[in-house]
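As a plain string of letters, each chain reads:
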Amino acid sequence: TGLLIIPFNNAKITVDSDICYFPAASYYLSTPGFSYRSKVEFSYRFYNGPEIIVRYTNRSRQVDDMQLSPGPENTTLQIKNQWRIHYTYLITEQLKLGGRMEWTVSGKNDYGSLIYQQIQIKHNERISLTYRILLFDIDSWLNKIYCYEPGVRYSFLFPAYYGKGLKNSLVLSV
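Residues numbered from 1 in each chain as written. Predicted model: local features only at pLDDT ≥ 70, side-chain atom pairs only at ≥ 80, totals over all residues. Heavy atoms only, no water.

**Q** Can you walk me through the overall build of the protein chain in this structure?
**A** A tally of regular secondary structure across the protein chain gives zero helices and 13 strands. Listed N to C, the secondary structure of the protein chain is β-β-β-β-β-β-β-β-β-β-β-β-β in terms of helices and strands. What you see for the protein chain is a C-alpha radius of gyration of 20 Å, clearly larger than the 16 Å of a compact globule of 174 residues, by over 25%. Taking the principal axes of the C-alpha coordinates as reference, the protein chain spans close to 60 × 40 × 30 Å. (Helix = DSSP H or I, 4+ residues; strand = E, 2+ residues; numbered from the N terminus. Rg over C-alpha atoms; globule rule 2.2 N^0.38 Å.)

Here it is, written out as structure tokens:
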């Protein structure tokens, strides 16, 4: 279910949630269970300026407690919270800046963060050059952060980042 609110010009608030029931065993769960996701997003486009998007997402799902034997009485609730700030700024028709910061928290001491800055230069519709620098520090696979990466024409990637790292990429699309 979802809700779209437009409080004033150039602003949007989006609220949506999903509740799923799994009648049979599923990944990380040996019995029937459920999952829940809710998201609140605010976006604003400044007049002739940047667009800023702020998002909060909460995910909860029932999983087997790995320290106990599998069974309906031995499940736990796995909760993951994510915060994101994303911006894009079209400086000219040929020059575009963008960036994103994202944080995740699950459990008591399990954190993750990702930040990138990107610049894109378009010569025309067919030729563009994109440079991105991306830093990440994510404690566990549970807190992985997916991040879209531009590729050559008609291709793209959505890798999952975890661990610690730095990634530079330069894409020339002709």
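Once you've had a look at it, read on.
**Q** Would you take a moment to explain unusual backbone geometry for this structure?
**A** Excluding glycine, most residues fall at negative phi; most peptide bonds, likewise, are trans. The backbone of Asn10 sits at a positive phi, close to 70°, despite the residue not being glycine. The class for Asn10 is partly exposed, based on a relative accessible area of 42%. (Buried < 20%, exposed > 50% of the residue type's maximum accessible area, 1.4 Å probe, protein only.)

**Q** Even after reading the chapter, I still don't get the sheet that holds strand β5 (residues 75-90), so can you show me in this structure?
**A** Where strands meet in a sheet, backbone hydrogen bonds hold them as pairs that are either parallel or antiparallel. As summarised here, the arrangement of the nine strands in space is β1-β2-β3-β4-β5-β6-β7-β8-β13, forming an open sheet in which the pairing is antiparallel. In this open sheet, the two edge strands, each paired with only one partner strand, are β1 (2-5) and β13 (163-173). Across the sheet, the mean angle from the axis of one strand to that of its neighbour is 10°, orientation sign disregarded. Two elements, strand β6 (residues 95-106) and strand β7 (residues 110-122), share twelve bridges in a ladder whose sense is antiparallel. By the bridge assignment for β7, Leu95 is matched with Ile121. (Pairing = 2+ DSSP bridges. Axes fitted to C-alpha atoms, helices over the stretch in contact; angles between N-to-C directions.)

**Q** How do you make sense of the layout of surface pockets when you look at a structure like this?
**A** In this approach the atoms are scanned with a rolling probe the size of a water molecule, which exposes any empty space left behind. Here the largest pocket is characterised by a volume of approximately 860 Å³. What lines the largest pocket is a set of 36 residues, among which Arg59, Arg61, Lys80, Leu142 and Lys144 lie closest to the centre. If you tally residues by element for the lining of the largest pocket, the top one is strand β4 (residues 51-64), at eight residues. For the lining of the largest pocket, the residue count by class is 14 nonpolar, nine polar and 13 charged. In this structure, the second largest pocket encloses a volume near 530 Å³. Taken together, 29 residues make up the lining of the second largest pocket; nearest its centre are Gln118, Gln120, Thr130, Tyr148 and Pro150. (1 Å grid on protein atoms, 1.4 Å probe; cavity = no way out; pocket = protein on both sides within 12 Å on 5 of 7 lines; lining within 4 Å. Points joined across faces, edges and corners; volume = space filled by probe spheres on them. Nonpolar A, V, L, I, M, F, W, Y, C, P; charged D, E, K, R; others polar.)

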